[in-house]
Amino acid sequence: MKKSRQDKALWGGRFAATPDKLVQEFTKSVQYDWRLYREDIFGSLAHARMLREIGVISSGEFAAIEKGLRQIFAEIEAGVFKWDAAREDVHMNIESALTARTPAGAKLHTGRSRNDQVATDMRLWIRHSIATDLALITGLQTALARLARKYQHIVIPGYTHLQRAQPVWFAHHLLAYVEMLARDFSRLEDAWQRADVLPLGSGALAGSTIPLKRERVAQLLGFSAVSQNSLDAVSDRDFILEYAAGGAILAVHLSRLAEDLVLWSTAEFGFIRIGDAFTTGSSLMPQKKNPDVAELARGKSGRVIGNLVALLTMLKGLPMTYNRDLQEDKERLFDTVDTVRQTLGVLAAMLADTQVNAAACERAVSDPLLLATDVADWLVNRGVPFRHAHEIVGQAVALSERRRIPLNKLPLTVWKKLHPVCDASLQKIFNVREALSRRKMTGAPGKKQVEEQLKRWEKILK
Ligand code: ARG
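Calculation notes
- Residues numbered from 1 in each chain as written.
- Predicted model: local features only at pLDDT ≥ 70, side-chain atom pairs only at ≥ 80, totals over all residues.
- Heavy atoms only, no water.
- Helix = DSSP H or I, 4+ residues; strand = E, 2+ residues; numbered from the N terminus.
- Rg over C-alpha atoms; globule rule 2.2 N^0.38 Å.
- Buried < 20%, exposed > 50% of the residue type's maximum accessible area, 1.4 Å probe, protein only.
- Contact = heavy atoms within 4.5 Å.
- Areas by Shrake-Rupley, 256 points an atom, 1.4 Å probe, with all protein chains shown as cover.
- Near = heavy atom within 4 Å.
- Polar contact = N/O pair within 3.5 Å; in protein donor to acceptor, adjacent residues only side chain to side chain.
- Nonpolar A, V, L, I, M, F, W, Y, C, P; charged D, E, K, R; others polar.
- Axes fitted to C-alpha atoms, helices over the stretch in contact; angles between N-to-C directions.
- Parallel < 35°, antiparallel > 145°, perpendicular 65-115°, else oblique.
- Left-handed = near helix turned anticlockwise from the far one by under 90°.
- Salt bridge = Lys/Arg side-chain N within 4 Å of Asp/Glu carboxyl O.
- 1 Å grid on protein atoms, 1.4 Å probe; cavity = no way out; pocket = protein on both sides within 12 Å on 5 of 7 lines; lining within 4 Å.
- Points joined across faces, edges and corners; volume = space filled by probe spheres on them.
- Phe/Tyr/Trp six-rings, centres within 6.5 Å; stacked < 30°, edge-to-face > 60°.
- Lys NZ or Arg CZ within 6 Å of the ring centre and 35° of its normal.
- Patch = residues over 30% accessible without salt bridge, like charges linked within 9 Å, V, L, I, M, F, W, Y side chains within 5 Å.
- Pairing = 2+ DSSP bridges.
- Core = buried A, V, L, I, M, F, W, Y, C linked by side-chain atoms within 4.5 Å.

Undergrad: Help me understand the overall build of the chain in this model?
TA: Looking only at helices and strands, the chain features 20 helices and six strands. Rg of the C-alpha trace for the chain: 31 Å, well past the compact-globule value of 23 Å for 462 residues, more than 25% over. Considering only C-alpha atoms, the chain reaches an extent of 100 × 55 × 40 Å along its principal axes. Buried positions account for 48% of the 462 residues belonging to the chain. Partitioning the intrachain contacts of the chain with sequence separation of at least 6 by distance along the chain shows that 73% fall at a separation of at least 24. A total accessible area of about 22800 Å² is found for the chain, and carbon and sulfur atoms account for 56% of it.

Undergrad: Would you take a moment to explain the site of the ligand for this structure?
TA: In the vicinity of the ligand, the contacting residues are Ser29, Asp89, His91, Arg114, Asn115, Val118, Tyr322, Gln327 and Lys330. Side-chain polar atom of Asp89 to a nitrogen atom of the ligand: 2.9 Å apart, as the coordinates give it. Separating an oxygen atom of the ligand from a side-chain N or O atom of Lys330 is a distance of 2.5 Å. For the ligand, the accessible surface in isolation is 340 Å², of which the surrounding protein chains cover 87%. Counting residues per element, the shell around the ligand draws most heavily on helix α7 (residues 114-150), which supplies three residues. Residue composition of the shell around the ligand, by class: two nonpolar, four polar and three charged.

Undergrad: I would appreciate a short explanation of the packing of helix α12 (residues 292-299) against helix α14 (residues 329-352) in the present structure.
TA: Between α12 and α14, whose axes approach to 10 Å, the crossing angle comes to 150°. With respect to their mutual orientation, α12 and α14 come out roughly antiparallel. Judged by the sense of rotation from one axis to the other, the crossing of α12 with α14 is left-handed. Across the interface between the two elements, Val293, Ala294 and Ala297 of α12 pack against Thr343, Val346, Leu347 and Met350 of α14.

Undergrad: Looking at this structure, I do not really get the pattern of salt bridges. What am I missing?
TA: Note on pairing: side chains with opposite charge can pair once their charged atoms come close. All told, the structure shown has 31 salt bridges when counted by the stated rule. As a salt-bridge pair, Glu88 and Arg114 come within 2.8 Å of each other at their nearest N and O atoms. Note that Glu88 is positioned in the loop between α5 (59-78) and α6 (90-101) and Arg114 in helix α7, a separation of 26 residues in sequence. Assessed through its relative accessible area of 7%, Glu88 is described here as buried.

Undergrad: Would you mind going over empty space enclosed by the protein with me for this structure?
TA: Where empty space is left becomes clear once a probe the size of a water molecule has been rolled over the atoms. Tallied over the entire structure, the rule returns three cavities of 30 Å³ or more. When its volume is computed, the largest cavity comes out at roughly 40 Å³. What lines the largest cavity is Ala251, Leu254, Ala297, Lys300, Ser301, Val304, Thr339, Val340 and Thr343. Mapped by element, the contributors of at least two residues to the lining of the largest cavity are α11 (238-264), α13 (301-316) and α14. With three residues, α14 is the single largest residue contributor to the lining of the largest cavity. A per-class count over the lining of the largest cavity returns five nonpolar, three polar and one charged.

Undergrad: Whenever I open this one, the packing of aromatic side chains confuses me. Can you help?
TA: Any two aromatic rings considered together are summarised by their centre-to-centre distance and by the angle between their planes. Tallying each qualifying case throughout the model produces 10 aromatic pairs. For the pair Trp264 and Phe271, a centre-to-centre distance of 6.4 Å together with 40° between the ring planes defines the contact as tilted. As far as burial versus exposure is concerned, Trp264 and Phe271 are alike and both buried. Pairwise contacts between aromatic rings join Tyr151, Tyr159, Phe170, Trp264, Phe269 and Phe271 into one cluster. Lying over the aromatic face of Phe15, Arg14 brings its terminal NZ or CZ to 5.9 Å of the ring centre. Sitting above the plane of the Phe62 ring, Arg52 keeps its charged end 5.0 Å from the centroid.

Undergrad: For this particular structure, what's the right way to read the layout of surface pockets?
TA: Taken as a whole, the largest pocket spans an internal volume of roughly 430 Å³. As for the largest pocket, its lining consists of 21 residues, of which Gly158, Tyr159, Thr160, His173 and Asp260 are closest to the centre. Residue assignment for the lining of the largest pocket shows that the elements contributing at least two residues are β1 (155-160), β2 (163-169), α8 (170-195) and α11. The dominant element in the lining of the largest pocket, judged by the number of residues it contributes, is α11, at five residues. Looking at the lining of the largest pocket residue by residue, the classes come out as 11 nonpolar, six polar and four charged.

Undergrad: Would you mind showing me how to read a nonpolar patch on the surface here?
TA: Residues Leu205, Leu231 and Met320 make up a contiguous nonpolar surface patch of about 270 Å² in total accessible area. Relative to the assigned elements, Met320 resides in the loop between α13 and α14.

Undergrad: Is there a simple way to think about the pairing of β1 in this case?
TA: If a strand is regular, its side chains alternate between the two faces of the sheet. The pairing of β1 with β2 spans six bridges and is classified as antiparallel. When the bridges of β2 are listed, Val155 appears paired with Trp169.

Undergrad: Explain the environment of Arg324 to me, please; I cannot follow it from the model alone.
TA: Turning to its location among the elements, Arg324 is positioned in the loop between α13 and α14. Assessed through its relative accessible area of 36%, Arg324 is described here as partly exposed. In this structure, the C-alpha to C-alpha distance between Arg324 and Phe185, residues 139 residues apart in sequence, is 32 Å. Here Arg324 is in contact with Thr27 and Glu88, once residues within four sequence places are set aside.

Undergrad: What should I look at first to understand the nonpolar core in this one?
TA: For soluble globular proteins, nonpolar side chains are generally found buried alongside one another. Core analysis: the largest hydrophobic core is formed by 132 residues, its most contacted members being Ile126, Leu140, Leu144, Phe170, Leu261, Trp264 and Trp415. It is α11 that contributes the most residues to this core, 15 residues altogether. Apart from the residues lying within four places of it in its own chain, the contact partners of Leu140 are Leu181, Leu254, Leu257, Leu344, Leu347, Ala348 and Leu351.

This is the structure we're talking about:
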């Protein structure tokens, strides 16, 4: 294959042939890494400005480079830029387009390698991306808090082992997810800090003999620090792992929320009714209304977890420093970001279009067995050791099952036989809302406590 003059400029004089078609197909990344164009151009502008300041390029050359890069940026934004698969990746595409416009373009790559360039682009991209994700997390938290406020009078059974356990406010259940999302938020914020370091100036792996001013580039790009070891800077992708891990944990939280929504929308639970716009029908069964959005929110967590595992695996056997394997980081990262964002957005919208069925919740929570633990606590307050109290209430539950009498309808004579301390006030235990008000400590679903938590979140989310 004959080489064009531009190929020569990019690949240098060492090659007598351009890559085989198969190789080109196999190695190119521009079909996905074009998404780094903004970061790539900003990075190049900062690098070029610094090159001018240290006298490597003239003011005229800088002006030509700046003009060219701005033009290219505008063309990409407008969707008219011609991406060339033969130019492998976003970096080569932009650089060769620039050089075709101005001979000064040939000076842009001075003291720079694609290795420190791509690491810089990825860090810039992640910083930008995290800012968007944080807003979306807040959006879902807001939707949860709104639903909690709207249905703050609703009580549902809380579950362990998916068996009814003790009553809780519906709001308390939703606020549990708000808490989980708050930790996801801070995990991504934390990942932001570590991504906020400039690798540019590390060269291919060993810096440069040209007296680059790295701190100046960091300042221009808004990085808080420059990397301290050139080998590390071009070779590690732990900042991507952190983002992918934070994304995977977030996706798992979203999946669990989705699972609750799927359960609650069944005829068996009937706690919620998801709006028609957020459900789908069946091609065969005319009566069906399926919670596909929630199911996909649950299902898509699989690929986000997979992305993290793929990235860890990609990295684990790499020798120092840059290896082409690292190019495989992008699709996994982009997929995590796209999937998590889409899921956050659609879940928030779905919650805004979800109704709670108060009657079904009331029916579920009227099961007196939910307050068996409260009866044991009542006995404890009258001096019965907890283990004995547990035993006594257990016997009462067995009796009520055998005689088919609800626990709250068990005659006082039966209770008295189980323990003499029992009296008529025991029956008062079985009021669900009063039972909730007895839970007064921080974090418990007491009425006042949940109201305080709701207020706290509403203030934070405002
Ligand atoms: N497309 C490459 C990547 O994403 C850019 C760096 C290429 N460096 C190299 N030495 N071939 O990793």
